[in-house]
Structure formats: structure tokens, C-alpha cells
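Survey of secondary and tertiary structure
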Amino acid sequence: MLHSVEAGQHGVKVSETLPDEMFVFPLVRRPFFPGMAAPIAIEPGPYYDVLKLVAKSESKCVALLLTVREDTDIYTATPEDMYQVGVLARVLRVIPMEQGGAQVILNMEKRLTVDEFVPHEAGLKARVSYQNDTSRLTQELKAYTISIISTIKELLRLNPLFKEELQIFLGHSDYTEPGKLADFAVALTTAERADLQDVLETFDIPSRIDKALVLLKQELDLSRLQNSINMKIEATIAKSQKEFFLREQLKTIKRELGIEKDDKSCDRDKFEERLKERNVPPDVMKVVQEEMDKLSVLEPQSAEYGVSRGYLDWLTVLPWGIRSDECHDLKLAHQILEEDHYGLEDIKERILEFIGVSKLTGGARGGIICLAGPPGVGKTSIGKSIARALNRKFYRFSVGGMRDEAEIKGHRRTYIGAMPGKPIQALKACGTMNPVIMLDEVDKMGNSYQGDPASALLEVLDPEQNKEFLDHYLDVRTDLSEVLFIVTANVLDTIPDPLRDRMDIMRLSGYIMDDKIQIATKYLVPRNRKQMGLLAKQVQFTPQGLREIVNGYAREAGVRSLENNIKKILRKVAVQVVKEADEAATKTKGKKKKKAPKAETHRVTAKNVKEYLGRRKFTSDRFYQRTPVGVATGLAWTAMGGATLYVEAIRVEGEKTQMKLTGQAGEVMKESAEIAWSYLHGALDKYAPGRTFFEKSSVHLHIPEGATPKDGPSAGVTLVTAMISLLTGTPVLADLGMTGELTLTGRVLGIGGIKEKVVASRRSALKTLIFPAENQPDWEELPGYIREGLTVHFVNHYDEIFNIAFLASHNHDH
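Residues numbered from 1 in each chain as written. Predicted model: local features only at pLDDT ≥ 70, side-chain atom pairs only at ≥ 80, totals over all residues. Heavy atoms only, no water.

A word on the overall build of the protein
Quick reminder of the rule: The helix count covers DSSP runs of H or I at least four residues long, the strand count covers runs of E at least two residues long, and both are numbered beginning at the N terminus. A contact between two residues is defined here by any heavy atoms of the two lying within 4.5 Å.
Scanning the protein from terminus to terminus reveals 27 helices and 26 strands. Within the protein, residue pairs in contact and separated by at least 24 positions form 76% of the contacts whose partners lie at least 6 positions apart.

Structure below.
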């Protein structure tokens, strides 16, 4: 391939002997003009082979023709693809290149016109004729010549790049040769290739010099525009530089006069001012002083300065020695807790104990309280109430889904964007060393290759360790022992044992019907009514209406669903109120102003709840009003609270005696069913004398609501009771619920979740309950209003359950 390289060196003298026939080299960028010399790079290929032939020839001449189109491929170019007028070039020197091919220096000698193209095995040849510049120097041409030279000089002033070329030309040229001057002038321009070819094809000297002057003037205008743009940019830059230097000088003058300080001094003064307001421990103060000394020798522009400044900012902004004045007034604290939450007596009692101890000791240490319970029972909101009752600052963050232990213990300072962990951030946000910090969803923490945040929490939540808590970023000991940590969780099983061991666990069971009605009346309705912009006289919820909402639409353990339903009703009431106001305004429009009609009160009753909320989501927890044969009612605990659990048993004739269990029972429940099956088989004579054990029939046990997974050992007594009812044909005592783990010898072992199960039994209107004797202390700890109206039996052996469930049932029927 051919590549032309612009050059500005005048060629050697033209030889007198010029060949009539020569090889043709096509050019694609722009044409060359006589009187110039230029290097051309030729890559390995057919043109390189032609070059070798030309270099060995006597004349060493080649014809350079411009292609008609710039995108023409020179290797496939035909005579039709090239202009007929070009320039004769003589090879002066061939310089081989390392990668192959050569760089050839050509001297452009004369214009030529192709008379005929001649095919050749090596390449394309042409027969040519030459054009001589023959024109007498007239006054007009002289004027053109002077104009071109003055234009070139002005162009030189604007664009110094042409200086060397002009000097060489002026040293070798004569003003009496206007043709050469026109060619040189055109070669200086950046005109279009078609315009340059037009000048090359103009043999008449006056016409050529006229065209050259036009192109030169266009180039001058372009250079002027470019120069104007450059001057504007340089002026802007010069102004900015001037302002910068003046500002720097002003800063220096102000610093010398003591009027202003530099950034480093400002930072140092800010840090020292903070330290005066804080009681910084000696070991921390030592680190601060070392870092301040380091900061004083660093340049503010350096990256290390930014790291050091950020570190000092964190060290000095922490509230060392600053504490909130605690509330030691038990009555005031109790009043605040009662204002915000209904019930939760055990938690309120624990907070009052905390205040009592702090009053006697003169200052409370921290603590770790874990609030465990189903969603929506008020775990998070009570944290704010505790902080308000103690007059402490409150900070809450969720650890649910957290996988990086650096979120707790901070990042190393070597990392970009490093910062302390959440406990240190909480101290900064609160501005005291004794805030209430709530860690939400601690049972939903994850772990990954980046670390285990649950293990990192061990140091934070251990009163013996957190007084010297070491954050990776701060790298100094921080006392967290005065912080009251409140941890919330739905399920305790997923919390690691070492972490659970450090917590004072308080269970928040679900609310019964009366609790929910009181909470809705005192808190949910007034709060949401204000948010909706409604007045108390515009909407009223009756107790029966609230009871219908709870029974039919919000049976979960907490009150979140209840609140959502109340919001839904209030939104619909708000729409009705606006419509009534618009109608009243339309009626009174154009009439004399009268006293506004009394606003209608929208009452939400048991009868019209359906109009607001649609059909009931729940009908009844009870499947059976009168328990049939083969069915027993158990009590279960779930993460959402308590629930009643029915166990149904039927006999199916078959070849062998076997048992089948359905209803998404877990592994533990399947084992309980096998234990119940084996126990009944062994104690058949005791509970069903004279009967055979399901001979040639299989027993199908089913736990309804099959889409819900169920597991746990507490259904053992319910499973065996259902099978005895099926075997004897005797129904279980009406309104009886039971729970307990059964062993192969008939022992009934204790279980958990007593409060949740009692709440579920009240919701299902069960009147008689059977619990393991081990759970009697749990029952006695329950508030009186939850135990009221229930008959409870505590048993050690299944014999006692049999007597209650079947013998009492038999006596009752008679």
C-alpha cells in the first residue's frame, strides 16, 4: 500500500531526459505538485516489486496519479479510477524498513498528462506527455505574486508551522516563476483533494495562480478563526491562573498577618476544640496526640493526610465522658411506658428494675435485653419507649441479612472507604456513651466468607468484654458497658447458643382478643385517625366493630394486620367525608350562607365492617363445634404465635396393620406419631379392654391445613388420644385442648410456648386445657386476665389425660 507523507523540501534540478512511458503509482489522500520532495512508505506487495524495477531503471521515474475516490483500493484500481493529470516523480533514495517494504524519497519534477495506459505484467504503465510552464511575467502576474507572498507571510505569522517550508522555498525560488509559487502556495493549504487536483490540472498560469490565491485566502481565514479560538481559551486559562495565584498570595498574606489559617491549622484547631469538651481516656489521648503530630508534618494534598484526618475526626467526635442524665423517677418512667404500650407487664417491670438499681448505685451499667416474639407485637416500638422512659438517646439498626463482621467491628484503616462498625457509629450519632441501642432481627443474621457477624456480636453483647471493646478502625479500647442493648428476634432457635447465653430473654407472646381491642382503642385508632386528617367526631369504632375486625380479618399474634385494616377503613371514611363536603359545597353554591350542617359521624360496627373490608378472611379456628369420634384438639406454637391443631384419625381396611401420617408433618412429629402408635399398642388392655389393635386395617392420621409445615414433639398426647377415640368409638371431651410430649412409657414431658398456646385456646373458645405438670410454673406466671375462665389440668402420665378426655366425656354424656 502507498502512503504519502507531507514534506516541505524543494527537489533537485529536473533532468533534461524524461521518459515517455513509466509505471503508475496511485495516490489516495492528496496530489503532489512539481518542485516538492516527499517520502512515501511502500508496504511489501506488488508496488514494492514495481519500485525495485523503477530503482534499477535508467530514468528512475514514476507517474503519481490521484484516485477519483478517496476510498479506492489501490491494489484493485483501474485506469478509470484515476485522474488523467498527475506529476512525474523521480526516485532519489530507497530506504528499506525492518518490517518489510521501503520508504522512498521522491522528487516531484513536472506535470504530466496520461495519453494511454499500457498493461504490464509487473503493474500498470502509462504513456505520458509533459506540460511546460510558459508564461511571460506580466504586471497582473506580478501583482498576483506579491499578493500570494504577502498572504503567505501573514499565514506564517498566524501559523509558525509553515516557517521552515517558506524559508526553504524562498531560498531556492525566484519571484519571476509564478507557476512554481502557485504550486508551493497550494501545497501549504489544507484544501480538499478535489480543489488541489483542479489546481494541478490548470496549465494556464494566470488561472492557476488565481485559484491558488483563493485557496490561500481560505486557509488564512481558517487560521485566523483558529487563532481567535486559541486566544479565547488562553485568555480564560490566563484569567484562572491569575485568580489562582492571587488567591494563593492572599492566603499567604492573611497567614502572615494572622487573619486566616490554612486548612491544616483549621483541622487541628477543630480537633483540639472537640477534645476540650470531652473527657478522653489517657490511652486514647496518647493515640490522638501521636496522630496530631503525624498530621502536622503531612501535606494537605497527600493521600495520607486524608486518611489521618478522617481517623482523627472519628477519634475526636466520639462522646468520650459524655452521658445522658438518666431518669430515676419510677412513677414518671411507668407513666411513659403506659402511654406507649398496653400490657407487656413483665417488660415494663424489667425496665423499672433497671431504673431502681441505677438509682441505688448512682449510675446504671448497661445490659442486654432480648425481646423474642412473633411479628407485630411491638418489639421495635417498645425500644423507643424504653429509651424515653430512661431519658437516654435511642439508635436502631437491623442486623437481618448482615454477612460481614466488619459491619460490627469496623474495617481496617488501610481500606478505601473504611469506617467504624455500627456500635461506634451509634455512639457518634447519639452523642452520649450511654444510649439505648436496638439490634433488630438478630435471628436473621447470615454468614459468608467475609466473616460471621453473630460471632462478632459476642464481644459487643458481653458485659465483661464490651467495657474494652476494640473496633478495627479506631484501634483503641471503647467502653460499651454503659450502653443498654435491646435485641429483637422472632425465633430463638437460629441464634447461636453462646450469643443467646449473654441475653436476658423476655418473651412477647401474642395478644388475646381483649388486648387487641384495648390497643386499637387507645393507640391504633387515634394515631392513624390523625394521620388521615380525620377528627374524632367524624369516625367512631365500636367495641363490637373492633371485635369483628379482630375475629374476621386480623387473627395473627401481633397487631400489625389489625392496624392495616384500621387504616383501610379510615381511608374509605376519608373519601366519604370529602365527598360529603363537596356535595354540601355544591348545594350551598349561589345561595345565602347558612350555618354549615352538622358533620355526619361514621360508625364502624360489627354489621358494616364487611362494607369496608370485604368478606371475612377467617371464619373460625374451630373445624368442629362438637368433636367427632377419632378427632382430638392439640395446641401448637409457631413463629407467628399460637395455633390450635386438629388430629384426625380414620380406619381403612387392609391386609396388614399399619399407620399413615399426612399433613406436612416434620421428622420430629413423625417420630411422635410412631411413639403414640407403639405406646397404644402396648397399653391396649388398659385403655380398650377386650378390643383388638386395628386388626387387618390401617390407620390414617391427618393434620388439617396440609399446606402448612408442622413439627415438634408436643403433639404426642394429641395423636394417641385421637387413635384411642377411633379405637373405642368414643368422642373426646368437648372444648378440650391438650399439649405435651409423650414417651414410650406414657410419661408426659414439658413443652414450650405456654402463653402462645393459651392465647390460641382462648381464640378457639376451648374451655378445658391439659398441660404437662412441668409447665405449671409457666401457667402461674401468666396474667390473670389470660387464665380467667379456663379449666387447666397438669398431668405427669397419659393415664390422667385418658381419664379427663374419655371418662369425663362419658360421665358428661350420661
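Overview of the sheet that holds strand 10 (residues 394–398)
Note the cut-off: We treat two strands as partners when DSSP finds at least two bridges between them. Lines fitted to C-alpha atoms define the axes here, with helix axes fitted over just the stretch in contact, and angles between the N-to-C directions of these axes take values from 0 to 180 degrees.
The sheet built from 5 strands is open, its strands ordered 10-11-14-9-15 with parallel pairing. In the strand order of this sheet, the two ends are held by strand 10 and strand 15 (504–507), each with one partner. Here the average twist between neighbouring strands, direction ignored, is 20 degrees. On the sheet, helix 11 (residues 345–361) packs against strand 9 (367–372), strand 14 (484–489) and strand 15 and is oriented at approximately 145 degrees with respect to strand 15. In the packing of helix 14 (residues 422–430) onto the sheet, the strands contacted are strand 10 and strand 11 (436–440), and the crossing angle to strand 10 comes to about 150 degrees.

Focus: the pattern of salt bridges
As a reminder of what qualifies: Each salt bridge in this description consists of a side-chain nitrogen of Lys or Arg and a carboxyl oxygen of Asp or Glu lying within 4 Å of one another.
Under the defined criterion, the tally for this structure stands at 29 salt bridges. Here Lys-211 and Asp-198 are joined by a salt bridge, their closest N and O atoms 3.2 Å apart. Of the two residues, Lys-211 is situated in helix 6 (residues 205–257) and Asp-198 in helix 5 (residues 193–200); the sequence distance between them amounts to 13 residues. Between Asp-462 and Arg-502 there is a salt bridge whose closest N-O contact spans 3.2 Å.

Focus: the side chain of Glu-563
Relative to the elements of secondary structure, Glu-563 occurs in helix 19 (residues 560–588). Discounting residues that sit within four places of it in the chain, Glu-563 has contacts with Leu-524, Arg-527 and Asn-528.

Let's talk about the environment of Asn-490
Defined as follows: For the purposes of these results, a polar contact is taken to be a pair of N or O atoms within 3.5 Å, where, inside protein, one atom must be able to donate a hydrogen and its partner to accept one; residues adjacent in sequence count only when each atom of the pair is a side-chain atom.
Inspection of the secondary structure assignment puts Asn-490 in the loop between strand 14 and helix 16 (497–501). Linking Asn-490 and Pro-375, residues 115 residues apart in sequence, is a C-alpha distance of 6.7 Å. In contact with Asn-490, other than residues within four places in its own chain, are Gly-373, Pro-374, Pro-375, Lys-379, Glu-441, Asp-443 and Lys-444. Here Lys-444 takes part through its side chain, which lies 2.6 Å from a polar atom of the side chain of Asn-490.

Brief notes about the pairing of strand 25 (residues 768–772)
Within a regular strand, side chains alternate between the sheet's two faces. Condition: The cut-offs for exposure are 20% and 50% of the maximum accessible area for each residue type, with area from a 1.4 Å probe on protein chains only; residues under the lower value are buried, those over the upper are exposed, and the others partly exposed.
With 5 of 5 residues buried, strand 25 lies mostly within the body of the structure. Along strand 25, one buried face is formed by Thr-768, Ile-770 and Pro-772 and the opposite face, lined by Leu-769 and Phe-771, is buried too. Bridging between strand 22 (residues 736–738) and strand 25 involves 3 bridges; their strand directions are parallel. Paired with Met-738 across the strands is Ile-770, a residue of strand 25.

Some words on unusual backbone geometry
Although it is not a glycine, Glu-441 adopts a positive phi angle of roughly 55 degrees. Within the secondary structure, Glu-441 is located in the loop between strand 11 and helix 15 (453–460). Residue classification places Glu-441 among the partly exposed residues on the basis of a relative accessible area of 28%. Within the chain, Asp-475 stands out as a residue other than glycine whose phi angle is a positive 60 degrees. With respect to the helices, strands and loops of the structure, Asp-475 is situated in the loop between strand 12 (469–470) and strand 13 (477–478). Look at Asp-475 and you get partly exposed, because its relative accessible area is 46%.

Overview of helix 24 (residues 754–763)
Most of helix 24 sits out of view: 7 of its 10 residues are buried. Within the sequence span of helix 24, burial applies to Ile-754, Glu-756, Lys-757, Val-758, Val-759, Ala-760 and Ser-761. The positive-phi residue at the C-terminal boundary of helix 24 is Ala-765, with phi of around 60 degrees.

A short note on the packing of helix 8 (residues 282–296) against helix 9 (residues 303–317)
Between two packed helices, both the angle of their axes relative to each other and the distance between the axes serve to describe the pair. To keep things clear, this is the line we draw: Roughly parallel covers angles under 35 degrees, roughly antiparallel covers those over 145, roughly perpendicular covers 65 to 115, and oblique covers all other angles. In this scheme, a crossing is called left-handed if the near helix is turned counterclockwise away from the far one by less than a right angle; it is called right-handed if the turn is clockwise. Amino acids outside the nonpolar list (Ala, Val, Leu, Ile, Met, Phe, Trp, Tyr, Cys, Pro) and the charged list (Asp, Glu, Lys, Arg) are all regarded as polar, and Gly is one of them.
Taken N-terminus to C-terminus, the directions of helix 8 and helix 9 make an angle of 150 degrees; their axes are 10 Å apart at the nearest point. With respect to helix 9, the element helix 8 is oriented roughly antiparallel. The way helix 8 lies across helix 9 gives a crossing that is left-handed. The segment helix 8 lies against helix 9, with Val-284, Val-287, Val-288, Glu-291, Met-292, Lys-294 and Leu-295 engaging Glu-304, Tyr-305, Ser-308, Arg-309, Tyr-311, Leu-312, Leu-315 and Thr-316. Among the residues making up the contact of helix 8 with helix 9, the classes are represented as 9 nonpolar, 2 polar and 4 charged.

Description of a positive patch on the surface
Under the convention used in this document: The residues that make up patches have over 30% relative accessible area and no salt bridge, and they are joined within 9 Å when like-charged or within 5 Å when they are Val, Leu, Ile, Met, Phe, Trp or Tyr. Working definition of accessibility: Shrake-Rupley area with a 1.4 Å probe, residue cover restricted to the visible protein chains. Just so you know, the count uses Lys and Arg for positive and Asp and Glu for negative, and it drops His and the chain ends. Think of each charge as sitting on NZ of Lys, CZ of Arg, CG of Asp or CD of Glu.
The grouping of Lys-568, Arg-571, Lys-572 and Lys-617 at the surface amounts to a positive patch. The topology assignment puts Lys-617 in the loop between helix 20 (609–613) and strand 18 (631–638). For Lys-617, a relative accessible area of 61% translates into the label exposed.

Structural notes on the packing of aromatic side chains
Under the convention used in this document: Aromatic pairs are defined between Phe, Tyr and Trp rings, using the six-membered ring for Trp, whenever the two ring centres lie within 6.5 Å; interplanar angles under 30 degrees are classed as stacked, those over 60 as edge-to-face, and all others as tilted. Only lysine NZ and arginine CZ atoms are considered, and such an atom sits over a ring when it is within 6 Å of the ring centre and within 35 degrees of the ring normal.
Summed over the entire model, instances satisfying the criterion amount to 13 aromatic pairs. Geometrically, the ring pair formed by Tyr-395 and Phe-397 is tilted, given 6.1 Å between the ring centres and 55 degrees between the ring planes. Ring centres of Tyr-679 and Tyr-687 lie 6.1 Å apart, and the angle between their planes is 50 degrees; on these two criteria the pair is classed as tilted. We note that Tyr-679, like Tyr-687, is buried. The rings of Tyr-679, Tyr-687, Tyr-798, Phe-802 and Phe-806 are connected pair by pair, giving a single aromatic cluster. The ring of Tyr-311 is capped by Arg-413, whose NZ or CZ atom sits 3.8 Å from the centre of that ring. Above the ring of Trp-314, the side-chain terminus of Lys-428 is found at 4.4 Å from the ring centroid.

Points about a nonpolar patch on the surface
Together, Leu-222, Leu-225, Ile-229, Ile-233 and Ile-237 give the surface a local cluster of nonpolar side chains, amounting to about 450 Å² of exposed area. In this fold, Leu-222 is placed in helix 6. You can call Leu-222 partly exposed: its relative accessible area is 47%.

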